[in-house]
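The primary structure of each chain is shown beneath.
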Amino acid sequence: MLLVEGKTINTDKEGYLKNLQDWSEAVAEAIAQQEQISLTDPHWEIIWLMRDFYQQFEIAPAMRVLVKTVGQQLGKEKGRSIYLMSLFHESPAKLASKIAGLPKPTNCL
Amino acid sequence: MTETTEQPAVNPKKLLFLNRKAPYGSSLPREALDAVLMASAFGQQVTLVFLGDGVFQLKTQQDPSEIEMKNFSKTFAALELYGVSSIFVEQSSLQKRGLTLDQLLIPAKLIQSHELTELLEEQDQVMSF
Amino acid sequence: MILHTVNRSPFDTNCLNDCLEMAAAGSSIILIEDGVYAALSKTQFTDQMLAALPKHNFYVLRPDLQARGIQDCIIDEIEAVDYSGFVTLCTELDKVVSWY
């Protein structure tokens, strides 16, 4: 559960939003804070990319697919695991999905 | 928790997913698609086959908003990004349902039933949904 | 009179056949869920449906057609109804028989 701008936001036990419509930029900030990440522009461009991906395909991308998509859309320099890990710790696809208000990517057992 | 890297699996298996059910009558088609994405994210060699009412899963123009279900037909377009390009539709199944390839939402190859028999034999595992 | 509902694909089960055999002339039949595939205009069931059209009042549930992306591929003479139309049919007719 999160408290954002006086509103209670329900999350599952791993911290993913229960209702995807609850997401806002403020909610993203709150989730990121819990994960000890302070969001900067490089974070946001990944978050918006993930939300676009979900809009288009109804799923959150697996890591390999996230790397590929970032490379295609934001340039080769950014389309690397190392770069994404520098922003979102050791599990970028999972953490960025969580902050972007998406379900967990389908590659996590 | 594991997350896949850019490395392919060491010993990829040939996995065939056989889809035989219409899209919204049960949860099987969605579960099949999740399994396909997971297998390909783990670097397995995935083949996807649509047979019988399963071909209805690929019909264009699906919009299940009024029946309050998720439009998972949009996810088929992500298969290419997941490296799944081996997608077959059994010819007589499509024909019997009055559908043609241009009414399908992703590029698929037509396959005859006897070719499907052979394809099944070539796999390491076949998962039926 | 009876309202018959068919909710399974004719390619997958015998529901449509059984319903068409048992339904009295003048009764109403509504295709719902996977039953809407029976309304397709270019299948092995099309002739059977066309032959049954004069005997019954046929309906198909529009939200189920739209979900499956087949609203432009059905037999013209079958009337598409929304949920409210389905409810009206249920209340206007004496009883409902479900073929599933």
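None of the values given here were measured: they were computed from a predicted structure. (Residues numbered from 1 in each chain as written. Chains lettered and ligands numbered in written order. Predicted model: local features only at pLDDT ≥ 70, side-chain atom pairs only at ≥ 80, totals over all residues. Heavy atoms only, no water.)

1. Topic: the confidence of the model for chain B
Looking at chain B as a whole, its pLDDT mean stands at 93, while 93% of the residues score no less than 70. In the predicted complex, the global pTM is 0.91; the interface-specific ipTM is 0.93. (pLDDT = per-residue confidence, 0-100.)

2. Here we look at a negative patch on the surface
On the surface, B:Glu115, B:Glu118, B:Glu121 and B:Glu122 cluster together to form a negatively charged patch. As for its placement among the helices and strands, B:Glu118 is situated in helix H3 (residues 113-122). (Patch = residues over 30% accessible without salt bridge, like charges linked within 9 Å, V, L, I, M, F, W, Y side chains within 5 Å. Areas by Shrake-Rupley, 256 points an atom, 1.4 Å probe, with all protein chains shown as cover. Salt bridge = Lys/Arg side-chain N within 4 Å of Asp/Glu carboxyl O. Lys, Arg positive; Asp, Glu negative; His and termini not counted. Charge placed at Lys NZ, Arg CZ, Asp CG, Glu CD. Helix = DSSP H or I, 4+ residues; strand = E, 2+ residues; numbered from the N terminus.)

3. Quick look at the pattern of salt bridges
Opposite charge on two side chains makes pairing possible when the charged atoms of those side chains draw close. Residue and element names in this part refer to chain B. All told, the structure shown has 8 salt bridges over all chains when counted by the stated rule. One salt bridge connects Arg 97 with Asp 53, and the closest N-O pair in it is separated by 2.8 Å. Taken together, the positions of Arg 97 in the loop between helix H2 (91-96) and strand S4 (109-111) and Asp 53 in the loop between strand S2 (45-50) and strand S3 (86-90) put the pair 44 residues apart, joining distant regions of the chain. Looking at Asp 53, the relative accessible area reads 5%, which means it is buried. (Buried < 20%, exposed > 50% of the residue type's maximum accessible area, 1.4 Å probe, protein only.)

4. Section: the side chain of C:Ser28
Residues and elements named next belong to chain C. Mapped onto the elements, Ser 28 comes out in strand S2 (residues 28-31). Look at Ser 28 and you get buried, because its relative accessible area is 4%. If we skip the residues at most four places from it in the chain, Ser 28 touches Ile 2, Leu 3, His 4, Asn 57, Tyr 59 and Leu 93. (Contact = heavy atoms within 4.5 Å.)

5. Overview of the arrangement of the chains
Pairwise contact counts over the 2 pairs of chains in contact peak for chains A and B. One finds no contact linking chain A with chain C; the least C-alpha distance across the pair is 15 Å.

6. Considerations on the packing of helix H2 (residues 41-57) of chain A against helix H5 (residues 92-99) of chain A
All names here are of chain A. Look at H2 against H5: their axes get within 9 Å of each other, and the N-to-C directions meet at 80°. With respect to H5, the axis of H2 lies roughly perpendicular. Mapping the contact onto sequence places Ile 46, Ile 47 and Met 50 in H2 and Ala 93, Ala 96, Ser 97 and Ile 99 in H5. Across the contact of H2 with H5, the residue classes break down as 6 nonpolar, 1 polar and no charged. (Axes fitted to C-alpha atoms, helices over the stretch in contact; angles between N-to-C directions. Parallel < 35°, antiparallel > 145°, perpendicular 65-115°, else oblique. Nonpolar A, V, L, I, M, F, W, Y, C, P; charged D, E, K, R; others polar.)

7. Side note on the interface of chain A and chain B
With 28 residues of chain A in contact, the opposing surface of chain B contributes 22 residues. Of the roughly 2200 Å² buried at the junction of chain A and chain B (both faces included), carbon and sulfur atoms supply 53%. Where chain A touches chain B, the interface holds 1 salt bridge. The shortest N-O distance in the salt bridge between A:Glu58 and B:Lys74 comes to 3.4 Å. Counting every contact that joins chain A to chain B gives 8 residue pairs in polar contact (both at pLDDT 80 or more). Looking at the side of chain A that touches chain B, the elements that each hand over two or more residues are H2, helix H3 (63-74) and H5 of chain A. When residues in the side of chain A that touches chain B are grouped by element, the largest group, 7 residues, is from H3(A). (Buried area = accessible area lost by both parts, 1.4 Å probe. Polar contact = N/O pair within 3.5 Å; in protein donor to acceptor, adjacent residues only side chain to side chain.)

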